[in-house]
Amino acid sequence: MKLKRLFSALAAGAALTALCATAQAREYSVSTVLSDAFPWGQAAQKWADLVNERSEGRITLRVYPNAQLVAGDQTKEFSAMRSGLIDMAVGSTINWSPQVPELNLFSLPFLMKNDADLDAITQGEAGKLAFAAIEQRGIVPLAWGENGFRQLSNSAKPVRSPADLAGLKIRVVGSPLFQDTFTALGANPTQMSWADAKPALTTGAVDGQENPLSVFDVARVDQVGQKYLTLWDYMADPLVFAVNQRVWKSLPEEDRELLSQAAIDAGKWEIELSRGAQAQRLADVRERGVEVIELSDAERAAFVEATASVHEKWAPRIGDALMGAARKAVAQP
Ligand code: X2X
């Protein structure tokens, strides 16, 4: 009799535990533009894996790549997250800059020379101000990742100077600053989503594009006739791990902490992974017959000079405080 009661008590206990687990189990959508074939998608997947593991399966982050939650229109991702259509995202500063003008900072041509400059910005005062700007627009930013320093490719010729770009049709992302940069360089920029970029390169509707080496390599952009790759490191787009504000407010403090720390860890992991693969990617791309053009200091300087007007036009939209903090960060030896 005693034993029977013990068994039924145990059974009830197990049922209750199962019920609690279901009641608490939550699933959230995470939007990305690139899939887990790319460091970007891997960053989001790492976040999901860490959250799943650390919450012991209580919290599931489901990653939706290819900007599919916004029908491929990556510049709508931020708005969709703000409205609650998307719970979370790992997004590029480029794609969010139409709604958060301060994020145009990272797109300013030749503001940052290298990883050290990028880190000095994201890890310092400027990074805090950029996150504050995101927060002001109703989204909670948690951590940085990176898409990477962006390089220029085309199908026509080696590009070593702004003059070489004259009249070349270049696919750019749908963020207005890029229109200004490539116009200043004498090219003919055409805005389109990443989803439309590869078909446009394939048909020759555009002559060139700009993206990090990882994207050029993984998407096999060389296979659609992009034979020339200019390494000019003209800007880098960091990724931001972020959460819709209502979702954030609905979470208990310990889950916020868990999500936030997992995002920080996933971001660090992805940045290291991405930077660590650069040399091999470059070797692979060369191996596949791409002509890689490296610029001398003087050649780079000509591009810097040609795009100075973009800084003048966009600095006021980015704001004095953020511009000042970023300039200070990149001036550090
Ligand atoms: O569209 C692009 O070029 C990409 C994939 O790099 C971004 O989403 C910013």
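The structure displayed is predicted, hence computed values, not measured ones. (Residues numbered from 1 in each chain as written. Predicted model: local features only at pLDDT ≥ 70, side-chain atom pairs only at ≥ 80, totals over all residues. Heavy atoms only, no water.)

1. What to know about the overall build of the protein
Selection rule: In DSSP terms, a helix is any run of H or I states spanning at least four residues, a strand is any run of E spanning at least two, and both are numbered starting from the N terminus. Exposed residues in this analysis have more than 50% of their type's maximum accessible area, buried residues have under 20%, and partly exposed residues fall in between, with area computed by a 1.4 Å probe over protein chains only. By definition, residues are in contact when any of their heavy atoms lie within 4.5 Å. Only the protein chains shown count as cover for residues, and the accessible areas themselves come from Shrake-Rupley with a 1.4 Å probe. Only four residue types enter the charge count, namely Lys and Arg as positive and Asp and Glu as negative; His and the chain termini do not. For charged residues, the charge sits on one atom: NZ in Lys, CZ in Arg, CG in Asp, CD in Glu.
What the protein contains, in helices and strands, is 16 helices and 10 strands. Evaluated residue by residue, the protein yields a buried proportion of 52% over its 333 residues. Sequence-distant contacts in the protein: of pairs separated by 6 or more residues, those separated by 24 or more amount to 75%. Total accessible area on the protein is roughly 14500 Å²; 53% of this is exposed by carbon and sulfur atoms. Positive and negative side-chain charges in the protein, numbering 34 and 40 respectively, have mean positions lying 6 Å apart.

2. So, the confidence of the model for the protein
Stated formally: The pLDDT score gives, residue by residue, the confidence of the prediction method on a 0 to 100 scale.
Residues of the protein with pLDDT of at least 70 account for 93%, and the chain-wide mean is 94. Predicted complex metrics record ipTM = 0.99 and pTM = 0.93.

3. Some points on the side chain of asparagine 104
With respect to the element layout, asparagine 104 can be found in the loop between helix 4 (93–96) and helix 5 (115–122). Residue contacts for asparagine 104: discarding those within four places in its chain leaves Ser97, Ser175, Leu177, Trp314 and Ile318.

4. Thoughts on the packing of helix 5 against helix 16 (residues 320–331)
Our working definition: Note on definitions: angles span 0 to 180 degrees between N-to-C directions of axes, and those axes are lines fitted to C-alpha atoms, for helices only across the stretch in contact. By the definition adopted for this analysis, an angle is roughly parallel if under 35 degrees, roughly antiparallel if over 145, roughly perpendicular if from 65 to 115, and oblique otherwise. Handedness of a helix crossing follows the sense of rotation of the near helix relative to the far helix, less than a right angle counterclockwise being left-handed and clockwise being right-handed.
At a minimum axis separation of 8 Å, helix 5 and helix 16 run at an interaxial angle of 140 degrees. Relative to helix 16, helix 5 is oriented oblique. Handedness of the crossing formed by helix 5 with helix 16: right-handed. Across the interface between the two elements, Asp117, Ala120 and Ile121 from helix 5 touch Ala326, Ala329 and Val330 from helix 16.

5. Here we look at helix 9 (residues 194–203)
Definition in use: Directions pointing from the helix axis toward each C-beta atom define the arc.
Of the residues making up helix 9, those classed as buried are Trp194, Ala197, Ala200 and Leu201. Buried residues in helix 9, looked at end-on, bunch into an arc of 105 degrees, giving them a common side. Exposed side chains of helix 9 directed beyond 90 degrees from the buried face belong to Ala195, Thr202 and Thr203. Against the buried residues of helix 9 lie strand 5 (169–172), strand 7 (208–212) and helix 10 (213–218). Looking at the residues trailing helix 9, positive phi occurs at glycine 204, about 85 degrees.

6. Considering the packing of aromatic side chains
Note the threshold: Two rings from Phe, Tyr or Trp (for Trp, the six-membered ring) form a pair when their centres are within 6.5 Å of each other. A pair whose planes differ by under 30 degrees is stacked, one over 60 is edge-to-face, and the rest are tilted. A ring has a charge above it when a Lys NZ or an Arg CZ is no more than 6 Å from the ring centre and no more than 35 degrees off the ring normal.
Counted under the stated rule, the structure contains 11 aromatic pairs. The structure contains a cluster of three or more aromatic residues connected by ring pairs, namely Phe110, Phe182, Trp232, Tyr234 and Phe303. The ring centre of tryptophan 269 lies 4.7 Å from the NZ or CZ of lysine 46, which sits over that ring. A cation sits over an aromatic face here: arginine 317 above tryptophan 314, 4.3 Å from the ring centre.

7. Section: the site of the ligand
Put simply, the test is: Near, as used in this document, describes a residue that has one of its heavy atoms within 4 Å of the molecule or strand being considered. We define a polar contact as two N or O atoms separated by no more than 3.5 Å, with the added condition that, inside protein, one atom must be a possible hydrogen donor and the other a possible acceptor, whereas residues neighbouring each other in sequence contribute only through side-chain atom pairs. Residue polarity follows a fixed list, in which Ala, Val, Leu, Ile, Met, Phe, Trp, Tyr, Cys and Pro are nonpolar, Asp, Glu, Lys and Arg are charged, and the others, Gly among them, are polar.
What surrounds the ligand is a group of 13 residues, the closest being Gln74, Asn95, Arg150, Arg171 and Asn211. Glutamine 74 places a polar side-chain atom, nitrogen or oxygen, 2.7 Å from an oxygen atom of the ligand. Interatomic distance of 3.2 Å between a side-chain N/O atom of asparagine 147 and an oxygen atom of the ligand. In isolation the ligand exposes 270 Å². Once the protein is present, 100% of that is buried. Residues of the shell around the ligand, tallied by class, amount to 5 nonpolar, 5 polar and 3 charged.

8. Describing the environment of glutamine 226
Here glutamine 226 is to be found in the loop between helix 10 and strand 8 (228–231). Those residues in contact with glutamine 226 that sit more than four places away from it in its chain are Ser153, Asn154, Ser155, Leu201, Asp207, Gly208, Gln209, Phe216, Val221 and Val290. In this structure the side chain of glutamine 226 is engaged in a polar contact, spanning 3.0 Å, whose partner is the backbone oxygen of aspartate 207.

9. Thoughts on the environment of glutamate 27
Tracing the chain through its elements places glutamate 27 in strand 1 (residues 26–31). Accessibility expressed as a relative area gives 45% for glutamate 27, which makes it partly exposed. As for glutamate 27 and isoleucine 59, which are separated by 32 residues in sequence, their C-alpha atoms are 5.9 Å apart. Discounting chain neighbours no more than four positions away, the residues touching glutamate 27 are Thr60, Arg62, Tyr64 and Asp87.

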